[in-house]
Amino acid sequence: MSLESLLNDSRQKFEDELAEFLRIPSVSARSEHKEDMARCADWVRDKLREQGMEAEVIPTRGHPIVYGELSEAGPDAPTVLVYGHYDVQPVEPLDEWETPPFEPSVRDGRMYARGTADDKGQVHVHMKAVEAYREAKGALPVNVKFLFEGEEEVGSVNLEAFIKSNVARLACDAAVISDTPMLSPEHPSICVGLRGMVYMEVRLKGPSQDLHSGQYGGGVVNPANALAKVISRLKDDNGRITIPGFYADVKALSEIERKSLAEVPLTEEEFRQEAGVSALGGGEAGVHFIERIWRRPTLDVNGLLSGYTGEGAKTIIPAKALAKISMRLVPDQDPKAIRAAFESYVRSLKPEGVEMEVMMHSDGLPWAADPEGPLFRAAATAINAAFGSDPLFISEGGSIPIVPMIEQILDTPVLLLGFALPGCNLHSPNEWLSLDLYHKGIETMTRLYDEIAREFAG
Ligand code: BES
Ligand code: MN
Ligand code: MN
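Owing to the predicted nature of the structure, the values given are computational and were not obtained by experimental measurement. (Residues numbered from 1 in each chain as written. Chains lettered and ligands numbered in written order. Predicted model: local features only at pLDDT ≥ 70, side-chain atom pairs only at ≥ 80, totals over all residues. Heavy atoms only, no water.)

Caption draft 1: Representation of the packing of aromatic side chains. Taken as a whole, this structure holds six aromatic pairs when the rule is applied. An angle of 10 degrees between the planes, with centres 4.7 Å apart, marks the rings of F21 and W43 as stacked. With F21 in helix α2 (residues 11-22) and W43 in helix α3 (residues 34-50), this residue pair connects regions lying 22 residues apart in the sequence. Comparing F21 with W43 shows no difference in burial state: the two are buried. Across from the ring centre of Y112, 4.0 Å away, lies the NZ or CZ of R107, which sits over that ring. (Phe/Tyr/Trp six-rings, centres within 6.5 Å; stacked < 30°, edge-to-face > 60°. Helix = DSSP H or I, 4+ residues; strand = E, 2+ residues; numbered from the N terminus. Buried < 20%, exposed > 50% of the residue type's maximum accessible area, 1.4 Å probe, protein only. Lys NZ or Arg CZ within 6 Å of the ring centre and 35° of its normal.)

Structure representation (structure tokens):
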């Protein structure tokens, strides 16, 4: 059977299997899902084995890595490393899901479930591409190595050490990752830039326990007020971050880059509607919105907690307050330097009468690809064959900290070719993946193997 008809005939089977994958609640952040994580890793390993790959589950200090290999193309053929993550984000708020997060449901050509887009659905694209290619054509024209981790959503804390101690095992000519959106269904996209990140937490401690706000109000510093004031001093009225030295290493955009940002086929109005807000904001005044979301650094409160938030009113001075604050970084900002600058500035804003604790959760480098050479030529040809149009080069404001590490440690070019869409509710309720793009993704990957084999030959 031709690969084309095989892909066509397998659509339902693939979707059913994807649903099985999605039913495993692989939430890496929650200890109550530790067993589910292990079960999910085993599931992936078993599927890889069933489709003829060598595969194993490798324990780490946290959640396991699934590693698979297929080297039937032989030593003269190029080797492609595929990275992805089988862990997903927590599902709260649960009552905002139209169908339960771990009961996949198809509506209007979309599959809804936690992990459809980020990233189990896209991991499955790669699994099924290898399976289908081999079933139709016997053997892959490239060697493949699959590296699927279970800790991406909690900062890939154990992956760097694994890569560093397995450089020979992971050696490859190209890395391919599907963990990003396309700009729109009509615009297959190659992502050539990601922001880095520093994720901090600030805690303030005031009185040793909550106090009656009538008896003590006006007499002691309120940690919630104090924290709000600290936060309000991190950005000025023009949206610029006020941490001294914060922008020092931000690389200026070239004229060509600035021009190409302005030509991105996405309007402010489309972006506003997709975000579901009444007006855009939150960035630096006077900067184009695409530049703000892709190429400018940010500082955002991701979580804020203090005092009484239950039903009705309760008059207290809370004993403590905490904020989770992340900064997205762009080339050539250094997460270590930004962390230090944040910490000393925030400490300088602390009033007397409260104690402050500042800690870091995770950090990661920003990344920009050099989109030239055989891998990007191969991708353009494959995309064209599957979608009938040229790829668009986009950047993303999100972060995949392992990308620059793979590039540096393994000395390989990285192709970010993803099939999610803007508005597909990554990390939110009702996450979905377009089934059309899921199948197009599988087709694109089968074509990519041929093109990589051709481009890297000899
Ligand atoms: N797949 C995303 C990264 C992403 C999101 C890229 C949107 C492009 C557009 C990834 O799973 C993710 O969520 N990364 C985290 C990194 C963090 C946990 C260190 C992020 O960006 O918040
Ligand atoms: Mn992801
Ligand atoms: Mn994610």
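Caption draft 2: Quick peek at the coordination of the manganese ion (ligand 3). Binding of the manganese ion (ligand 3) to the protein goes through D118 (OD), E153 (OE), E153 (OE) and H427 (NE2), at separations of 2.1 to 2.5 Å. Counting the intervening residues between successive donors of the manganese ion (ligand 3) yields the motif D-x34-E-x273-H. The distance between the manganese ion (ligand 3) and the manganese ion (ligand 2) is 3.6 Å, with D118 acting as a donor to both metals. Pair noted here: E153 is in the loop between β6 (143-149) and α5 (159-164) and H427 is in the loop between β17 (414-417) and β18 (432-434), with a separation of 274 residues, a long-range link. (Donors = N, O, S within 2.8 Å, 3.2 Å for Na, K, Ca; no water.)

Caption draft 3: Spotlight on the environment of R328. Here R328 is to be found in strand β13 (residues 320-329). Excluding anything up to four places from it in sequence, R328 contacts R195, G196, M197, P297, T298, Q333, G397, G398 and S399. Within the local environment of R328, its side chain forms a polar contact with the side chain of S399, the two groups lying 2.7 Å apart. (Contact = heavy atoms within 4.5 Å. Polar contact = N/O pair within 3.5 Å; in protein donor to acceptor, adjacent residues only side chain to side chain.)

Caption draft 4: Here's a closer look at the coordination of the manganese ion (ligand 2). Only H85 (NE2), D118 (OD), D179 (OD) and D179 (OD) from the protein coordinate the manganese ion (ligand 2), and they sit 2.0 to 2.4 Å from it. Around the manganese ion (ligand 2) sit six donor atoms, and with donor-metal-donor angles ranging over 57 to 167 degrees the site reads as irregular. Sequence spacing of the donors to the manganese ion (ligand 2): H-x32-D-x60-D. (Tetrahedral: all angles 85-135°; square planar, octahedral: opposite > 155°, others 65-115°.)

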